[in-house]
Amino acid sequence: MTTPRQPSQLDPQVAARLKRGADGLVPAVAQQYDTGEVLMLGWMDDEALHRTLTTGRATYWSRSRQEYWVKGDTSGHVQHVKSVALDCDADTVLVKVDQVGAACHTGDRTCFDAGSLPLAQ
């Protein structure tokens with residue numbers, strides 16, 4: 001696997017906190033800022049996070065295409081970033097967004113509406 005492009009202009013203090021996987025990526029959960037609805041999971045490296053923080057548009061690293069993509073550039077289903085936070089272990093990013101249109105590549109509002117899994121009783 002090709003690692004995402006380096007170096008990045010990400011704030012060194014933020015970069016020092018991140019705990020990345022072997023591929024240099026951290027999972028990024030996109031959540032609707034006002035309702036709490038979980039929309040999708042994407043992946044970010046330092047540069048994708050830098051672009052997200054500085055442009056106000058959610059930017060991810062596509063593992064399949066091996067390139068950066070700004071949510072909505074081709075679909076029109078834009079994610080306007082309202083806030084970004086690291087979890088307590090600094091190995092996951094929470095991106096609170098104002099989602100315009102569908103968040104999922106299938107055209108659904110969220111990637112998490114394919115049905116709940118059964119829980120043991």
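To start, this report covers the structure provided alongside it. Within any chain, residue numbers begin from 1 and follow the written order of that chain's sequence. Reporting in this predicted model follows two pLDDT cut-offs: at least 70 for local features of residues, and 80 or more for side-chain atom pairs to be given and counted; totals over whole chains, interfaces and linings ignore these cut-offs and use all residues. Hydrogens and water are ignored here; the side-chain numbers use all heavy atoms of the structure.

It is worth spelling out the side chain of Asp 46 at this point. Residue position: Asp 46 is located in helix H2 (residues 46–55). Between N or O atoms, a polar contact is any pair within 3.5 Å; within protein, one atom must be a potential hydrogen donor and the other a potential acceptor, and residues adjacent in sequence are included only when both atoms are from side chains. A polar atom in the side chain of Asp 46 sits 2.7 Å from the side chain of Arg 20. For this analysis, residues touch if any pair of their heavy atoms sits within 4.5 Å. Non-local contacts of Asp 46, meaning those with residues more than four positions away in its chain, are made with Ser 8, Leu 10, Ala 15, Leu 18 and Arg 20. Secondary structure counts use DSSP, requiring at least four H or I residues in a row for a helix and at least two E residues in a row for a strand, with both numbered from the N terminus.

Core analysis: the largest hydrophobic core is formed by 21 residues, its most contacted members being Ala 28, Leu 39, Met 44, Leu 49, Tyr 60, Val 93 and Val 95. Looking at this core, the elements with two or more residues in it are strand E1 (26–32), strand E2 (38–44), H2, strand E3 (59–62) and strand E6 (93–99). Setting aside chain neighbours within four positions, we find Val 93 in contact with Val 26, Pro 27, Ala 28, Val 29, Leu 49, Val 84, Ala 85 and Leu 86. Grouping buried Ala, Val, Leu, Ile, Met, Phe, Trp, Tyr and Cys residues that are joined through side-chain atoms within 4.5 Å yields what is termed a nonpolar core. With a 1.4 Å probe rolled over the protein chains alone, any residue whose accessible area is under 20% of its type maximum counts as buried; one over 50% counts as exposed, and the rest are partly exposed.

What follows deals with the pairing of strand E5 (residues 79–86). When a strand is regular, its side chains alternate between the sheet's two faces. Two strands make a pair as long as DSSP finds a minimum of two bridges between them. When E5 meets E6, the two strands line up antiparallel, connected through 7 bridges. Residue pairing for E6: Gln 79 is matched across the bridge by Gln 99. Connecting the antiparallel pair E5 and E6 is a turn made up of 6 residues, with Ala 90 showing a positive phi of about 60 degrees.

Alternating positions in E6 separate cleanly, Val 93, Val 95, Val 97 and Gln 99 being buried on one face and Leu 94, Lys 96 and Asp 98 remaining unburied on the opposite face. Across 5 bridges, E1 lies against E6 in parallel orientation. Residue Ala 28 lies in a different strand from E6, and its bridge partner there is Val 93.

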